[in-house]
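Residues per chain are reported as follows:
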Amino acid sequence: MSAQQTLQDLGAGLLNGSVKVVDLAAPLGPDTPLLKLPPEIGVNTPEIEIHNISNYDDNGPFWSWNWLKLGEHSGTHFDAPRHWASGKDYKDGTTDTIPVQNLVGPLCVIDCSKEVAEDPDFLLTEAGVKAWEAEHGEIKEGSWVVMRSDWYKRNNDKDAFLNVDENGPHSPGPDADCIRYLLSKGIMGWGNEGIGTDAGSAGGMEPPFPAHYLLHEANRYGLASLCNLDQVPATGAIIVVPPLKIVNGTGSPTRVMALVPA
Ligand code: MN
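Keep in mind the model is a prediction, meaning the values are calculated, not measured. (Residues numbered from 1 in each chain as written. Predicted model: local features only at pLDDT ≥ 70, side-chain atom pairs only at ≥ 80, totals over all residues. Heavy atoms only, no water.)

Focus: the coordination of the manganese ion
Ideal values differ by geometry: the angle at a metal is 109.5 degrees with four tetrahedral donors, but 90 or 180 degrees with six octahedral donors. Note the following rule: Shown as donors are all N, O and S atoms within 2.8 Å of a metal ion, widened to 3.2 Å for Na, K and Ca; because water is not in the atom set, sites may appear incomplete. When a residue's accessible area, from a 1.4 Å probe over protein chains only, is under 20% of the maximum for its type it is buried; when over 50% it is exposed; and in between it is partly exposed.
At the metal site, the manganese ion is ligated by His73 (ND1), His77 (NE2) and Asp79 (OD), and these contacts range over 2.1 to 2.3 Å. Sequence spacing of the donors to the manganese ion: H-x3-H-x1-D. Residues His73 and Asp79 agree in their burial class; the two are buried.

Printed below as a string of structure tokens:
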């Protein structure tokens, strides 16, 4: 099939509803859960603020607009290679230099929701990915791979979403060998429903925060705080990942979407 025909069919499918667009982003505002680093580790991203400039009033009679105070890594967001020390030297590793061709692609959804319901510290392993491949087919080069955990259902409760106790945060994610295996398959990016691309326990892994360390070391990308993966099939969807084109940006809030068969 020609590319022209493929796009014509996609356009028709979007219009006739046989292709559905699923919103993979959480609402972005003052109630959005944000990462809370212990003070001995580092400085935190600021709380999100939305300030009104005018609202059809004396400050602007015909228009309404706001300005934002917003960290790059807030809410549903994209991690660029420049975010991590391991990826800091890539010339095409910031939000304004990443080739846009890399930001739309086939999506694999690995459903770990049952395991996570029983264990919030659940880690996806290389064996877990291979078991998924045995059922759904090999992960192809250039694919985006995301871990469905249904963690996003905690999004309206910051404490439940961060899930921190005296031993630290408890939330699901990948272990280091899982990410190494996915990189060996040539994935374009990895996504998680938690506050970051890594599990809550990832600070104690080797290397620490392996999704961040290994993905960005390989000039690959991360997605955090994804939503609605329970509305996306294991294979066959297309993910659209549009970070803002922030100059020298290390990441960006982004309205991630998936195109799925209705
Ligand atoms: Mn981030």
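Some details on the side chain of His77
The following threshold applies: Per the convention used, a helix needs a DSSP run of H or I reaching at least four residues, while a strand needs a run of E reaching at least two, with both numbered from the N terminus. Two N or O atoms form a polar contact when they lie within 3.5 Å of each other; inside protein one atom must be a possible hydrogen donor and the other a possible acceptor, and for residues adjacent in sequence the pair counts only when both atoms belong to side chains. Here, two residues are considered to be in contact whenever any of their heavy atoms come within 4.5 Å of each other.
Summarising the element assignment, His77 is placed in strand E4 (residues 77–79). At a separation of 3.2 Å, a polar atom in the side chain of His77 contacts the side chain of Asp79. Contact partners of His77, with chain neighbours within four places excluded, come to Glu72, Ile195, Gly222, Leu223, Ala224, Ser252, Pro253 and Thr254.

With respect to the pattern of salt bridges
Pairing between side chains becomes possible if they bear opposite charge and their charged atoms approach one another. The cut-off we apply is this: The rule for a salt bridge is simple: a side-chain nitrogen of Lys or Arg has to be within 4 Å of a carboxyl oxygen of Asp or Glu.
This structure, assessed with the given rule, holds 13 salt bridges. In this structure, the salt-bridge partner of Lys88 is Asp89, at a minimum N-O distance of 3.4 Å. The residue Asp150 makes a salt bridge to Arg148 at a minimum N-O spacing of 2.9 Å. Note on accessibility: Asp150 and Arg148 belong to one class, buried. Taken together, the shared-partner salt bridges connect Asp111, Arg148, Asp150, Lys153 and Asp230 into one network.

A few points about the pairing of strand E12 (residues 221–224)
Short version of the rule: Pairing between two strands is assigned when DSSP locates at least 2 bridges connecting them. Here, the term right-handed applies to a crossover whose path from the first strand over the helix to the second runs clockwise when the strands point away from the viewer.
Side chains Tyr221 and Leu223 of E12 all project onto a buried face; the interleaved residues Gly222 and Ala224 project onto the opposite face, where all are buried too. In the sheet, strand E11 (residues 189–191) pairs with E12 via 3 bridges, with the strands oriented parallel. Bridged to Gly191 within E12 is Leu223. Handedness of the crossover is the feature at issue here: the chain leaves E11, passes through helix H6 (residues 210–217), returns alongside E12, and the resulting connection is right-handed.

Focus: helix H5 (residues 176–184)
Among all positions of H5, only Ala176, Cys178, Ile179, Tyr181 and Leu182 are buried. Tucked into the core, H5 has its buried residues touching strand E6 (123–124), helix H3 (126–136), strand E7 (144–148), strand E10 (173–174), E11 and H6. Put simply, Asp175 is the residue that caps the front of H5, since its side-chain oxygen is 3.3 Å from the backbone nitrogen of Asp177. Directly after H5, the chain includes Gly186, whose backbone phi takes a positive value near 80 degrees.

Considering the side chain of Thr197
Positionally, Thr197 belongs in the loop between E11 and H6. Overall, Thr197 belongs to the buried group, its relative accessible area being 0%. A distance of 3.2 Å separates a polar atom in the side chain of Thr197 from a polar atom in the side chain of His212. When residues no more than four places from it in sequence are discounted, the contact partners of Thr197 are Asp79, Pro174, Trp190, Asn192, Ala211, His212, Gly222, Leu223 and Ala224.

Quick notes on the packing of aromatic side chains
Put simply, the test is: Here is the rule: rings of Phe, Tyr and Trp (six-membered ring for Trp) pair when centre to centre is within 6.5 Å. Planes less than 30 degrees apart are stacked, more than 60 are edge-to-face, and the remainder are tilted. We call a charge positioned above a ring when the Lys NZ or Arg CZ atom is no farther than 6 Å from the ring centre and deviates by at most 35 degrees from the ring normal.
As enumerated under the stated definition, the model contains 4 aromatic pairs in all. Ring geometry for Phe78 against Tyr221: centres 5.5 Å apart, planes inclined by 35 degrees, an arrangement best described as tilted. On the criterion of sequence distance, the pair formed by Phe78 in strand E4 and Tyr221 in strand E12 is long-range, its members being 143 residues apart. Classification of Phe78 by relative accessible area gives buried; the value is 0%. Look at Tyr221 and you get buried, because its relative accessible area is 1%. Pairing Trp84 with Phe209 gives two aromatic rings, centres 5.9 Å apart and planes at 65 degrees, and the pair type is edge-to-face. With Trp84 in the loop between E4 and strand E5 (104–111) and Phe209 in the loop between E11 and H6, the pair connects residues that are 125 residues apart, well separated along the chain. Owing to a relative accessible area of 22%, Trp84 belongs among the partly exposed residues under this scheme. Overall, Phe209 belongs to the partly exposed group, its relative accessible area being 33%. Taken together, the ring pairs in this structure connect Phe78, Trp144 and Tyr221 into an aromatic cluster. Positioned above the aromatic ring of Trp151 is the side chain of Arg154, whose terminal nitrogen or guanidinium carbon lies 3.8 Å from the ring centre.

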